[in-house]
Amino acid sequence: RQGAALPLFSAQAPDKISGLFHAGTILARLLEKGRVLDTQLLRTAMEEALGASDAEGAWVWKDAYEAVEVAQVLFLQKFGPAMAAQAAASADLLAMLGRLAARVPSQTRRSEESQHLQQFSTPLTLGAVAARAAGIGTGDLVLEPSAGTGLLAVFAQIAGAALARNETAETRAGLLARLYREAPVTRHNAEQIHDHLPVELRPTVVLMNPPFSASPAVAGRYRAAT
C-alpha cells in the first residue's frame, strides 16, 4: 500500500507539477503537526516550492488549492489506514475527517479552467461516505473516470482496492501520477471512457462525483455531458 512516509524534494522545482507536489509535501507535514493551513502558510509553501510569488506570475490560487488537495491525499495515504482501524464506527471516522477538513482553506477563488472543466473537488467526508456506500474491499478494481487529484481514490486505496484513474486535465493528471504510482493515469474524455479503456480492464466499482453539465470539447453548458 502507498505512503509509508512523505517524500522529500529539493527546493528547486523543475516544472509546475513537481512544484505543486513539493508544495503539497510541505503542507502535508504541517497537517501532521496539527497546523491550520491559513492563507499565509499556503502562500509561504507555494513560494518556497515554486521559487516566486503569485504576484510575480509563478502561480495562481487555483494552483495553491491543488497543492492543498495533494497534502490531504498524502496525509490520508500515511495515516488513513490507522484512522480507519481506530474508528469504532463510521461516524468516528467521519469525525476525524471533519477535523482534518476544518484545517484546510475553502476554495473561494476559481480559475477559468476550474470553471470550464467543473473542477469542484469532493470534500473528504463525502468521499469517505461514497467509498463506504460502495462497499469497496480488497478484491475490487475501482475506476474513477474524473479523478481530479484523487480525493475519492484515496478512500478506495485505504480500503485495499486496486485503482484505475482517468483525468483529462494535464496538471491534475500529473499530480495523480505522483500520488498513485502503481498504475498509469489515462487522460480520456470521461464521456467516452468506455470506448477507450482496454477491454481487459473490468472495474467492479466506478466511483465519481457527478453530475457534470460541461464537456472539455464544448464551450458553455452541455446537457449531454450529464
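Check the entry above for the structure.
Residues numbered from 1 in each chain as written. Predicted model: local features only at pLDDT ≥ 70, side-chain atom pairs only at ≥ 80, totals over all residues. Heavy atoms only, no water.

A few points about the nonpolar core
Heads up, the condition is: Here the nonpolar core consists of buried residues drawn from Ala, Val, Leu, Ile, Met, Phe, Trp, Tyr and Cys, with membership extended through side-chain atoms lying within 4.5 Å. Note on classification: 1.4 Å probe, protein chains only; a residue is buried when its accessible area is under 20% of the maximum for its type, exposed when over 50%, partly exposed between these limits. Only DSSP runs of H or I covering at least 4 residues are called helices, and only runs of E covering at least 2 are called strands; the numbering of each starts at the N terminus. Only heavy atoms enter the contact rule, under which two residues are in contact if any of them lie within 4.5 Å.
One finds Leu-27, Leu-76, Ile-136, Val-142, Phe-155 and Tyr-180 to be the most contacted residues of the largest nonpolar core, which totals 55 residues. Of all the secondary structure elements, the ones that give two or more residues to this core are helix H1 (16-32), helix H2 (39-50), helix H3 (61-86), helix H4 (90-101), helix H6 (124-133), helix H7 (153-158) and helix H8 (170-179). Setting aside chain neighbours within four positions, we find Ile-136 in contact with Ala-131, Val-142, Ala-156, Ala-159, Ala-161, Val-205 and Leu-207.

Quick look at the sheet that holds strand S1 (residues 141-144)
The line we're drawing: Strand pairing follows a simple DSSP-based rule, namely that at least 2 bridges must link the two strands.
One open sheet holds the four strands; their spatial order is S3-S2-S1-S4, and the pairing between them is parallel. With partners counted over all chains shown, the strands left at the sheet margins are strand S3 (185-186) and strand S4 (205-206), one partner each. As paired strands, strand S2 (residues 162-166) and S3 are joined by two bridges and run parallel to one another. Residue pairing across strands places Asn-166 opposite Thr-186, the latter belonging to S3.

Some points on the packing of aromatic side chains
The line we're drawing: Only Phe, Tyr and Trp rings are paired, with Trp represented by its six-membered ring, and only when their centres lie within 6.5 Å; those with planes under 30 degrees apart are stacked, over 60 edge-to-face, the remainder tilted.
What the rule picks out here adds up to two aromatic pairs. A ring pair is formed by Trp-59 and Trp-61, whose centres lie 5.2 Å apart and whose planes are at 80 degrees; its orientation type is edge-to-face. Grouping residues by exposure puts Trp-59 and Trp-61 together as buried.

A short note on the pattern of salt bridges
For the record, the criterion: Whenever Lys or Arg places a side-chain nitrogen within 4 Å of a carboxyl oxygen from Asp or Glu, that contact is recorded as a salt bridge.
Counted according to the given criterion, the structure contains six salt bridges. One salt bridge connects Arg-172 with Glu-66, and the closest N-O pair in it is separated by 3.1 Å. Separated by 106 residues along the polypeptide, Arg-172 in helix H8 and Glu-66 in helix H3 bring together distant segments of the chain. The same class applies to Arg-172 and to Glu-66, which are both buried. With a closest N to O distance of 3.8 Å, Glu-69 and Arg-172 form a salt bridge. Of this pair, Glu-69 sits in helix H3 while Arg-172 sits in helix H8, and the two are 103 residues apart along the sequence. Counted as one network, the salt bridges with shared partners bring together Lys-62, Glu-66, Glu-69 and Arg-172.

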